[in-house]
Amino acid sequence: MSQAFSAQRFRAMLVKETLQILRDPSTLLIAFVLPLILLFLFGYGVSLDTTRIRVGLALQDMSAPAQSLATAYERSRWFEVTGRRDVEGLKPELVAGRIRGIIVIPADFGRRLAGTGEPAAIQVITDGSLPNTAGFVAAYAEGVRASWAAGQAEERGARPQPPITLLQRFWFNPELASRFFLIPGSIAIVMTMVGTLLTALVVAREWERGTMEAIMATPIGMAEFLATKVIPYFILGLGSMTLCTLVAIFAFGVPFRGSPLALLAIATAFLMPALGQGLLISAATKNQFVASQVALLSAFLPAMLLSGFLFEIASMPKIIQAITYLVPARYVIPPLQTVFVVGDLWDLFLRNIAVMLGFGALFFLLAIRATRRRIA
Amino acid sequence: MAGPVAIAHAVTKRFAPGGPAALDGVSIEIEPGRMTGLVGPDGAGKTTLIRLLTGLLDPDAGTVEVMGKAAAEADRAVIGYMPQRFGLYEDLSVIENLSLYADLRGLDAGERDARFRRLLDFTDLERFRTRLAGKLSGGMKQKLGLACAMVKAPALLVLDEPGVGVDPVSRRELWAMVRELAGEGIGVLWSTAYLDEAEKCDTVFLLSEGRLLHAGPPADLTGQVEGRVFRMATGAEGRRLLLARALNRDDVTDGTIQGASLRLVMKPGIAPPAPDALGAPASSQVAPAVPRFEDAFVDILGGGPPGTSALAAAYRAVPERQEPAILAERLTKRFGDFTAADDISFAIPRGQIFGLLGPNGAGKSTTFKMLCGLLTPTSGNGRVAGHDLRTARADARQSLGYMAQKFSLYGDLSVRQNLNFFSGVYGLTGRAQRQAIERVVEVFRLGDYLPVNSGSMPLGFKQRLALACAVMHQPPVLFLDEPTSGVDPIVRREFWTHINGLVEKGVTVLVTTHFMDEAEYCDRIALIYRAQQIAIGTPDALKAQAATEAGLHDLTLEDAFIALIEASDRKREAA
Amino acid sequence: MWGRLRAIIVKEIWAILRDPRARLILVVPPLIQLFVLGFASTLEVKNIDVGVYNRDDGAWSREFVQRLAGSPNIRRIVRIDHPAALREAIDDQRVIAAVVLDQRFSADVAARRPAVIQAIFDGRRSNAAQIVSGYLERIAGELGAEIAPQAARPRSQSAVVHWFNPNLDYLWFTMPALVVIISTLAGLGVTALSVARERELGTFDQLMVSPLRVQEILVGKMVPPILVGLFNGSLYLLLIPTVFGVPLTGSIPLFYLALFFYLLALVGIGMFVSSLAKTQQQAFLGAFLVTVPATLLSGYATPVDNMPAWLQVLAEANPPKHFLIVSEGVFLKAMPAAEVAANTWPLAVIALGTLTASALLFRARME
């Protein structure tokens, strides 16, 4: 049964919900402390930017060029060369993970370099158990060798220019700082937490503690009830987002090239499906434990892993790519990253906002249907 | 207003298609200005009926109308509803809860101040305005729940077991408040397991297994046992054995202990047995007693259980000991600067029932918890079955059985798993464990429920299981914390038959309760109020003491309880 | 004592297995996670679209574009015909990179003059952009090497061998890592809720008045999460080599040894959170608050080597960090016993510390 909307009831429920939020330390912990931890980790710690990699160097040739190349590796800004032993001695180190690669300068290096037959080859052994790092080791090892060879050639007076040069420019983020994309992305994670996880828990709690029964016996309508649940968490979500944005800009130096209005529009649009999903989960489970697990599995993990925040969607298998289209967070990552490091690109924003609002409407409708004014 | 405020007509409700009917063709009417009682054993369908009236459930057949409209369509602002768990937000303060419900029910801003003042005054919660509801005692929560339910004068006020776990003083106050409201023309439906409350209602509906067994003034039902109730003053000695003998007779339908007397209900037309036929002193006086609603209730449901406890029959004899089974020596507990229990001392000899009584929050639970080792006393000490609570806590625990007020077994484990667990933690293994489990399963008729989740059993069976788990290891001492809270009189009688039997075997029992007829079973009672032990003695001695202090005579234990507390208040104010 | 211990262990196991919903939650999500995350979490960059603004219609520019299109990592070449379209394609994320070949490109190459290709990358996804830049670099280098005169070819070169994972298959890394991550999620959750649940449901007092000692209660509560962890671990040990084709080269008993100590350490943390929490909600959110940084600092999302030194020190106290090394080692590297032990003793120390702390906290919060 629906009764006419009453501002008095509505305000009273909002006040109640707000007081409850302010009084539960765990809510505030998730809304304001967890975001700071996340930003902090993404800002300082967790980074995809490779620093110096420890490698072992097996120098088996004592010729002058071999020694010179070894020195080049030692002086390289990419490597920290830990040992100069034979390959067998370095192998356990690689197994233990204390080094990530072995560069072998073989005994015939100097002889071949001087000769005209086969070119002198160094061997690069990587730790394939970390494919990403292994790729870097291979690329940097070759890079060091190439620039060493160029230097040698220059000393001989030759200027062998590479026939084709790639002139690279990285727009928006010339220093390639990964925090430029990790921090805006983590804002989406934080809003997922506040919007879905907290909302799912609080409505399930009303069922568990028996207050739902008392509320349902009052004149409040169910849509009205759900709205009063959503608004405080919407504001909390925006507050949490604002905190993250300020910390991102002022503490981590992430640029903000778009407009606050655009950011607000993007965040608002994303909170709709997030909140709707939270309501739907709680209405369907009515149990805090189950609600929390479902929220974790259906909201947090997809936002973290299937949204394009950490992992490239295009690189995933087709079937999983198809699943990502059902993850609302997928549509918030590009506009968020754009509004920070690029600027206002309304085409891109509006396209994604429309999809998010669509998901939001769907979730809300389902939630209202699931929250019937009846005791099961 | 003329007609009834709510009508249920031939209502049937099933929770599973083809399953048993929770309500089967029930019709009731709630008249304005009258107190309507709703009583019945566990699982009778009381809560289902209430949820139909508040529009939270739809009937399968029949109609439910509130103020002339179908319940689901009715204007909810005219219904005041207090669910069993009061519906309070524990993390909101008294005044915040009240304001919330005032706004939800659409109370005008203009009326607000006057209404709040009246309700807070009425419920005596003015002092606790800003206290969080979660920090209130049970009695205060209940009053706040009531205040929230009637913050905007409703036409229909529905209270679902408002008295469970609440002390007699608070219950009496609540009753008076609601009665006053009913006088203003509100129709009140009061569901209760306390039959003394039902007795005071204008109309009572008695449900059993989904069917209506009685509808009308309680006196109509009580009239059915008129002239069949007697009181036999046997003296305290051996009264438990005498009761068992009386209950085993075919001509006695119900019997209880009242202090040093027996109260017996006879089959129609049969005279009470002679005292010596039971083995009581021939000089014991037998006199007719005023019938009560509870007598009639038990009678209409087919009488109480027989008097011999199969549990006690199979129980070991607890050996005699020189020292008391339970000893409290100047027990004191402080939380910060708040003293919860102050200088409590008593000794309970082997084979006695000792009652701890007192209002909610007065310190009886604190005392109880110190004696069973849940709290460490700030000063003073206690001994249980000869074991010092400070130095031999684990031994003390091994020798006690514990049963808590709310059902506190593992509701999501099966009955068998609960039995296995509790026998195991008390050190029973192998054959002894199997036998102990078989014994209680048989005694408490738990066989059909063994694979069932214990949380989904009817309350009466939960209560039986809780007792079973507490006694499998045959402890010499039992701690019972409001053991029969919320269960119906029949189950309560069965429970006390077991306890009486165990006590005859030498088991010592410490019990807290809000049921005064339950307190009558005790050998001695300590009354705890404002952290202090204000009176101690046999039930009859306390009645006599209260009578002297209040200048009254022929008090019930409940009257005595209230009189002693009031006397204590007077003394404190005078000092 | 053994009777009591057995009773509480059996009860705790039933407590998590009795509810069909809970049973489902313990087994199904970990499996879904294994499959979905296994394929989803890859730092590889494949199937990318690259824009080409070719202002040169010579043979060499066509050759370059053809090689680009032939790269296994590039899905599609997007033709661009003016600078504004290039900007738009990048802005709109239709392409992650765009190359510009100017009019003189083919002429320069043909004349053996140094030729230049411009490459523009979307810096929003800087990590992916960097990897794509490596692809383009390689294609340009290979083309350059082929057209260079024999004499100008370099006298030295490097040959790369990837040990433990010859084709750098990302799944080989992800799968052993997921064993760690998924058991962290499940283990912490189950443990954290256990004590808080008894408090909220009111069975805590019943437990406290029984003759059970604190250490017995704690051991009882530790067993189910450890069993669940061992069960899931065994399941992964079975599925990963068979279904996902990741080699299992090391010693299985050593893996179990490390897994056991890892679970102990996790359970210690979970128990600490649980003893601290008043309600299930607090326990759950508290466990979550621990899980997120623990996962991020484990080396799964990004290598521990990339973290600043002080954070690497902090990561030493993070159980997943140690177990991840063992898991990768046992699956891919046939890690010898001494190395497993070197990464297991920190877990034992963490377990000892957290379990002691939670026992103390549990005692302190008994009343």
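Residues numbered from 1 in each chain as written. Chains lettered and ligands numbered in written order. Predicted model: local features only at pLDDT ≥ 70, side-chain atom pairs only at ≥ 80, totals over all residues. Heavy atoms only, no water.

An unreviewed UniProt entry lists chain B under the name ABC transporter ATP-binding protein, from Plastoroseomonas hellenica.

Under an unreviewed UniProt entry, the name given to chain A is ABC transporter permease, and the organism recorded is Plastoroseomonas hellenica. In the Subcellular location (unreviewed entry) part of its UniProt record, chain A is described as follows: "Cell membrane". (UniProt positions renumbered as here; feature names shortened; annotations may be inferred.)

Undergrad: Lay out empty space enclosed by the protein with the relevant residues and their values.
TA: Enumeration over the complete set of coordinates arrives at 14 cavities of 30 Å³ or more. Reported here for the largest cavity is a volume of approximately 180 Å³. Around the largest cavity, the lining is made up of 16 residues, and of these Phe300, Leu301 and Met304 of chain A together with Ile181 and Thr295 of chain C lie nearest the centre. Of all the elements in the fold, those that place two or more residues in the lining of the largest cavity are helix 11 (288–305) of chain A together with helix 7 (170–201) and helix 11 (280–296) of chain C. For the lining of the largest cavity, a count of residues per class yields 14 nonpolar, 2 polar and no charged. Considering only enclosed or pocket space, the second largest cavity measures out at about 110 Å³ in volume. (1 Å grid on protein atoms, 1.4 Å probe; cavity = no way out; pocket = protein on both sides within 12 Å on 5 of 7 lines; lining within 4 Å. Points joined across faces, edges and corners; volume = space filled by probe spheres on them. Helix = DSSP H or I, 4+ residues; strand = E, 2+ residues; numbered from the N terminus. Nonpolar A, V, L, I, M, F, W, Y, C, P; charged D, E, K, R; others polar.)

Undergrad: Can you break down the domain arrangement of chain A residue by residue, with the values?
TA: Here chain A is partitioned into domain 1 (7–46 + 177–370) and domain 2 (53–155). Of note, the centres of domain 1 of chain A and domain 2 of chain A, computed from C-alpha atoms alone, are 48 Å apart. (Domains from an automatic or database assignment.)

Undergrad: Give a description of the domain arrangement of chain B that names residues and reports values.
TA: Residue and element names in this part refer to chain B. What the domain assignment lists for chain B is domain 1 (6–216), domain 2 (225–306), domain 3 (309–399 + 478–575) and domain 4 (410–474). Distance between the C-alpha centres of domain 1 and domain 2: 35 Å. Counting residues at the interface gives 11 residues for domain 1 and 7 residues for domain 2. Carbon and sulfur atoms supply 79% of the area buried between domain 1 and domain 2, which totals about 780 Å² over both sides. The largest contributions to the domain 1 side of the interface with domain 2 come from Leu195, Glu199 and Leu206, which together make up 59% of the buried area. For the pair domain 1 and domain 2, the interface holds 1 salt bridge. Of the charged contacts, one joins Arg292 and Glu199 as a salt bridge, the two residues approaching to 3.7 Å between their closest N and O atoms. Where domain 1 meets domain 2, there are 1 residue pair in polar contact (both at pLDDT 80 or more). Per-element accounting of the side of domain 1 that touches domain 2 gives the leading share, 4 residues, to helix 6 (residues 195–199). The class makeup of the residues in the side of domain 1 that touches domain 2 is 7 nonpolar, 2 polar and 2 charged. (Contact = heavy atoms within 4.5 Å. Buried area = accessible area lost by both parts, 1.4 Å probe. Salt bridge = Lys/Arg side-chain N within 4 Å of Asp/Glu carboxyl O. Polar contact = N/O pair within 3.5 Å; in protein donor to acceptor, adjacent residues only side chain to side chain.)

Undergrad: Tell me what's going on with the pairing of strand 24 (residues 532–537) of chain B, and back it up with residues and numbers.
TA: All names here are of chain B. In this structure, strand 23 (residues 524–529) lies alongside strand 24, joined through 5 bridges in antiparallel fashion. Residue pairing across strands places Ala526 opposite Ile536, the latter belonging to strand 24. The loop that links strand 23 with its antiparallel partner strand 24 comprises 2 residues; one of these, Arg530, has a positive phi angle of about 45°. (Pairing = 2+ DSSP bridges.)

Undergrad: How would you explain the UniProt feature "domain: ABC transporter" (unreviewed entry) in chain B if you had to name every residue and give the values?
TA: If you check UniProt for "domain: ABC transporter" (unreviewed entry), the listed places come out as residues 6–234 and 326–555 of chain B in our numbering. Within residues 6–234 of chain B, the helical portion is 31% and the strand portion 28%, while the C-alpha atoms at the span's ends are 48 Å from each other.

Undergrad: Pulling in residues and values, what's your account of the interface of chain B and chain A?
TA: Each partner contributes residues to the interface: chain B has 32 residues there, and chain A has 28 residues. The contact between chain B and chain A buries some 2,700 Å² in all, and 56% of this surface belongs to carbon and sulfur atoms. Linking chain B with chain A are 2 salt bridges, by the criterion used here. Put simply, Glu96 of chain B and Arg23 of chain A hold a salt bridge, and the shortest N to O gap is 2.7 Å. Where chain B packs against chain A, one counts 10 residue pairs in polar contact (both at pLDDT 80 or more). Among the elements of the structure, strand 6 (79–82) and helix 2 (94–104) of chain B are those that each provide at least two residues to the side of chain B that touches chain A. Per-element accounting of the side of chain B that touches chain A gives the leading share, 6 residues, to helix 2 of chain B. Considered class by class, the residues forming the side of chain B that touches chain A number 17 nonpolar, 4 polar and 11 charged.

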